[in-house]
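Chain by chain, the residues run as shown.
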Amino acid sequence: MIGDPDAEVDRARPFDSAGDRDVTFAATPDCLERMAETAATAVIVRQAPPGAARNLLVAASPKLAFARAVALLHGQARTPGGVSADLVVGNGSTLGDELSIFPRVTIGRDSKIGDRVTLHPGVSIGDRCTIGDDTVVHPNVSIYDGSVIGSRVVIHSGTVIGADGFSFVPDEQGRQVKLLQLGWVVIEDDCEVGANCAVDRGGFGPTVLRRGVKLDNLIQVGHNTEIGEDTVVAALTGFSGGTQVGRRCVIAGQVGTNQHIIVGDSAVITARTGVTKSVKPGAIMGGMMPAQDYNEWRRAHAIYKRLPEISRRLSRVEKLVGGDKRDPGDSQ
Amino acid sequence: MIGDPDAEVDRARPFDSAGDRDVTFAATPDCLERMAETAATAVIVRQAPPGAARNLLVAASPKLAFARAVALLHGQARTPGGVSADLVVGNGSTLGDELSIFPRVTIGRDSKIGDRVTLHPGVSIGDRCTIGDDTVVHPNVSIYDGSVIGSRVVIHSGTVIGADGFSFVPDEQGRQVKLLQLGWVVIEDDCEVGANCAVDRGGFGPTVLRRGVKLDNLIQVGHNTEIGEDTVVAALTGFSGGTQVGRRCVIAGQVGTNQHIIVGDSAVITARTGVTKSVKPGAIMGGMMPAQDYNEWRRAHAIYKRLPEISRRLSRVEKLVGGDKRDPGDSQ
Amino acid sequence: MIGDPDAEVDRARPFDSAGDRDVTFAATPDCLERMAETAATAVIVRQAPPGAARNLLVAASPKLAFARAVALLHGQARTPGGVSADLVVGNGSTLGDELSIFPRVTIGRDSKIGDRVTLHPGVSIGDRCTIGDDTVVHPNVSIYDGSVIGSRVVIHSGTVIGADGFSFVPDEQGRQVKLLQLGWVVIEDDCEVGANCAVDRGGFGPTVLRRGVKLDNLIQVGHNTEIGEDTVVAALTGFSGGTQVGRRCVIAGQVGTNQHIIVGDSAVITARTGVTKSVKPGAIMGGMMPAQDYNEWRRAHAIYKRLPEISRRLSRVEKLVGGDKRDPGDSQ
């Protein structure tokens, strides 16, 4: 800590909107250069810039320190709202203490709701489910029979847990016959699942989100997929059936994975990449089609389709020309 | 107007199914050529084709004129259905006049519902929300605390407004720590949001859909994104956090945008394009992988991966061959 | 059948977890090689491997035979749960026999619910809908007015049937004017629709899923699209308005189709392909950007953008070199 040790802050705010009695953080190098511009009372930085006449908090991860400051200054204690009189609950189900169960909630048979759980309006929980302590389920979430949800899990609105995996096989007449989906879903402690996701039950055995997985919105998790601890996944990504994703991976948005592949621990998959083969631990994988001028793209793509021909023509020319096979270096 | 001024129409119909007492429009040049084929009583066209013995309505935008004809002939006056006796509404909330509130609706505390609002079954509205006059919210929509929805807005089923933005940062042990999302969502007047979309609240401050924005289905709008007036967005597109989209843009389906980029006014992004950098106003941007024969695609893609090598080999050959550097022109 | 004709099985299980009194199937050639490893009492195979000392069931399609074994051993007879006392149902609607209508279900006016239908909590059905016999609608599904759903259909949670098609046209001031969507949705017998899909109503006339179509999760079906019998579609795929998909097609995940194109019968579209033009019956189409090392991809893509230039340079070199125009063959 550098500067006035008695400085006080009430709020956490982003760099450009922070003011008096606010703490902020230098999100980018650019912020460090513009340090004079913020009216914040204190700024969290990784390293103190030379000669900055400000109150500075030096932290190895300024964003992490800021996240903790936000939680400290703005987090709200939960006050249990009780159980709505209109709760519909089936035989054999049990309810914990200090609940907030809003109106319009339905719970099936033989399910177990932990302590301090919050179930918002329109939540439907099936039979034989478990919902761990301190878990929050937002409005209109559907949880199918047999789902196992851990403690301190957050599930956002519209998400569907435990619908059938997609598994059909054509019969002799070409009609699709369903493989009954006998598995279930396990979501371990401290996971967060965004809005309008679909986490399918396994065909046999479970589909699993390990402890601390964080999913953004509109994500598809196929049957028997397993996602490792602390992995984060951005919106509109789809995991095919049986994908194995490691721990601490970063999967960006609109990614897709092939069936039954393995993504190693700490791998990074950049946005919009189609993962067709297994990925080594720690690998950084990419592959997308970035926007360019529409007509330029059309011209480039016309050649792309002819790449095998281009390659053959180049080989022919090389044969004719011969000479030094030394690579001329990357002259592009 | 050309033809019989006393011709009457009761219905608006597409070109190929229009019949007697129907008005239609020439959607494509092809329709103009097939003018003799339609049984429609009147056809809206941009320009009268020579010698067409039909009732024609000439309009600068035939599709616009047709849209207005549809609204005129088929639009139905709303009759308020009243407020269901089972409405659950929290303290401090106020309800306007001439409402249609269906059964199974839940409204939190200190929210304000305008006049002539329609709330379908299963709608969940949180605390401190505003819903403007004449807005229609379809079944099973979830609107989180603090959302501000304008007048004449339509929100289709399953859509989630105001769930948390996706913002986590790893701690010293690699566990993901949540940045509390303190912002909210603003949807201005005359917007329409399709089914099963997710419009996240801002981290700080609002996520905003400006007046007249139209979203198709299954669209992700990240925290603190702002979409400008009258911009249209097709299905399965995702906007990363902090994207700034201008006015009157056309964003096609399955597009994705990088964080914190700016898409200028009136820009067009064609389908399935990944927008990695800011886009100038009026630009037309593309970039996707169009379907081709599967085996041809595999062969082309095998070369794609070796493009840096191809380029080096070409440079080497050029060096050996030398000669006239004049571009031989686009001989492809 | 080969082996002990009196062997009995109680369960169907995957190859690697099957044990005593289980039947399994050889999903891959690899399973045939590892035949000695499974503890299953019986294995379904396409062809008996030489010298396998096991109980074998030989079937033309082992997966199909296995699906039937699963259904036989694990399928559960439905017991009707009756109609919840809290059902809200409008005037003119009729209900069949042996229903399971859970709490929190809302049905509009003049709708017809067939026999042995199951409606889970939070299902909202509009006016003038038809739900055929033996159909199952999972929690929080929204079905708009006028939808026609066949018999033995399954609709998973969060799915929206019949929301408006996405059809707007700018007026003289650039404001988007809506084309009222006067059509409806038809889902024929034996279809299954996954979780959080959106099947839009037609602009005029219907959007149609023909008999036996199977949709995975998070799929967009645009207005007036028609999908042919027994076609299967994987997650996060989007069909633009007016797409015509044939019978028995296989459409993989994250595919997108252009408006008004035709995909012929039995066509296969591999994952993440953008279908810009009509596809012939039986064609196998591909086109995606498979993951590769991130930096390698960046280098390849830098050249991709310059392909027209590369192509011109190659042509120039060829002109200079001349010589034998014979294709040197695929020397890559």
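Overview of the structure. Within each chain, residues carry numbers counting from 1 in the order of the written sequence. To label them, take the chains in the order written and letter them from A, then take the ligands in the order written and number them from 1. Per-residue local features are limited, in this predicted model, to residues with pLDDT of at least 70; the limit for side-chain atom pairs, both in listing and counting, is 80 or more; totals at the level of whole chains, interfaces and linings are taken over all residues.

### Some words on the interface of chain C and chain A
Part 1: By definition, residues are in contact whenever their C-beta atoms, placed on the basis of the backbone, come within 7 Å of each other. Of the residues lining the interface, 68 residues belong to chain C; the matching set on chain A comes to 63 residues.
Part 2: Residue polarity follows a fixed list, in which Ala, Val, Leu, Ile, Met, Phe, Trp, Tyr, Cys and Pro are nonpolar, Asp, Glu, Lys and Arg are charged, and the others, Gly among them, are polar. In terms of residue class, the side of chain C that touches chain A is made up of 30 nonpolar, 23 polar and 15 charged.
Part 3: As paired strands, strand 36 (residues 284-286) of chain A and strand 37 (residues 292-293) of chain C are joined by two bridges and run antiparallel to one another. Across the sheet, A:Met285 pairs through a bridge with C:Asp293, a residue of strand 37 of chain C. Strands are treated as partners if at least two bridges between them are detected by DSSP. Each helix is a run of DSSP H or I of at least 4 residues and each strand a run of E of at least 2, with the numbering of both proceeding from the N terminus.

### Overview of unusual backbone geometry
Part 1: Although it is not a glycine, B:Ser266 sits at a positive phi angle of roughly 60°.
Part 2: As for its position among the elements, B:Ser266 is in the loop between strand 33 (262-263) and strand 34 (268-269).

### Overview of helix 3 (residues 294-304) of chain A
Part 1: The exposure label follows from counting other C-beta atoms within 10 Å of a residue's C-beta, where the C-beta atoms are placed from the backbone and the thresholds are 20 or more for buried and 12 or fewer for exposed, leaving partly exposed in between. Taken together, the buried positions of helix 3 of chain A are occupied by A:Trp297, A:Ala300, A:His301, A:Ile303 and A:Tyr304. The arc enclosing the buried residues of helix 3 of chain A, seen along the axis, measures out at 155°, which places them on a common side.
Part 2: In the core, the buried residues of helix 3 of chain A are packed alongside strand 37 (292-293) and helix 4 (307-321) of chain A, strand 36 (284-286) and helix 3 (294-304) of chain B together with helix 3 (294-304) and helix 4 (307-321) of chain C. Arc, as used here, means the arc of the directions from the helix axis to the C-beta atoms.

### Re the environment of A:Ser61
Residues and elements named next belong to chain A.
Part 1: Position of Ser61 relative to the elements: it lies in the loop between strand 4 (56-58) and helix 2 (62-74).
Part 2: The partly exposed category is assigned to Ser61, around which 17 C-beta atoms lie within 10 Å.
Part 3: In this structure the C-alpha to C-alpha distance between Ser61 and Ile44, which are 17 residues apart in sequence, comes to 9.0 Å.

### Overview of the relation of the copies chain C and chain A
Part 1: Superposing copies: least-squares fit, C-alpha atoms only, residues required to have pLDDT of at least 70 in both. For these two chains of identical sequence, chain C goes onto chain A by a turn of 120° and a shift of 0.0 Å along the axis, with RMSD 0.0 Å. In short, the pair behaves as if placed about a three-fold rotation axis.

### What to know about helix 4 (residues 307-321) of chain B
Part 1: Every helix has an expected span of 1.5 Å times one less than the residues it contains. Its 15 residues give helix 4 of chain B an end-to-end C-alpha distance of 21 Å, which sits within 8% of 21 Å, the value for a rise of 1.5 Å per residue.
Part 2: Along helix 4 of chain B, the residues that are buried comprise B:Leu307, B:Ile310, B:Ser311, B:Arg313, B:Leu314, B:Arg316, B:Val317 and B:Glu318.
Part 3: Those residues of helix 4 of chain B hidden inside the fold are in contact with helix 4 of chain A, helix 3 of chain B together with helix 3 and helix 4 of chain C.
Part 4: After helix 4 of chain B finishes, the residue B:Gly322 shows a positive phi value of roughly 60°.

### Describing the interface of chain B and chain A
Part 1: With 63 residues of chain B in contact, the opposing surface of chain A contributes 68 residues.
Part 2: Of the residues forming the side of chain B that touches chain A, the biggest block, 11 residues, is contributed by helix 4 of chain B.
Part 3: Residues that form the side of chain B that touches chain A fall into these classes: 30 nonpolar, 23 polar and 10 charged.

### Let's talk about the sheet that holds strand 26 (residues 220-221) of chain A
The strands that make up a sheet pair up through hydrogen bonds in the backbone, lying either parallel or antiparallel.
All names here are of chain A.
Part 1: The strand order across the open sheet built from 10 strands is 6-9-12-15-18-23-26-29-32-35, with neighbouring strands paired in parallel fashion. If you trace the sheet from one side to the other, it starts and ends with strand 6 (88-89) and strand 35 (274-275), each paired once.
Part 2: Looking at chain direction, strand 29 (residues 238-239) and strand 32 (residues 256-257) are connected through two bridges and run parallel. Within the sheet, the bridge partner assigned to Phe239 lies in strand 32 and is Thr257.

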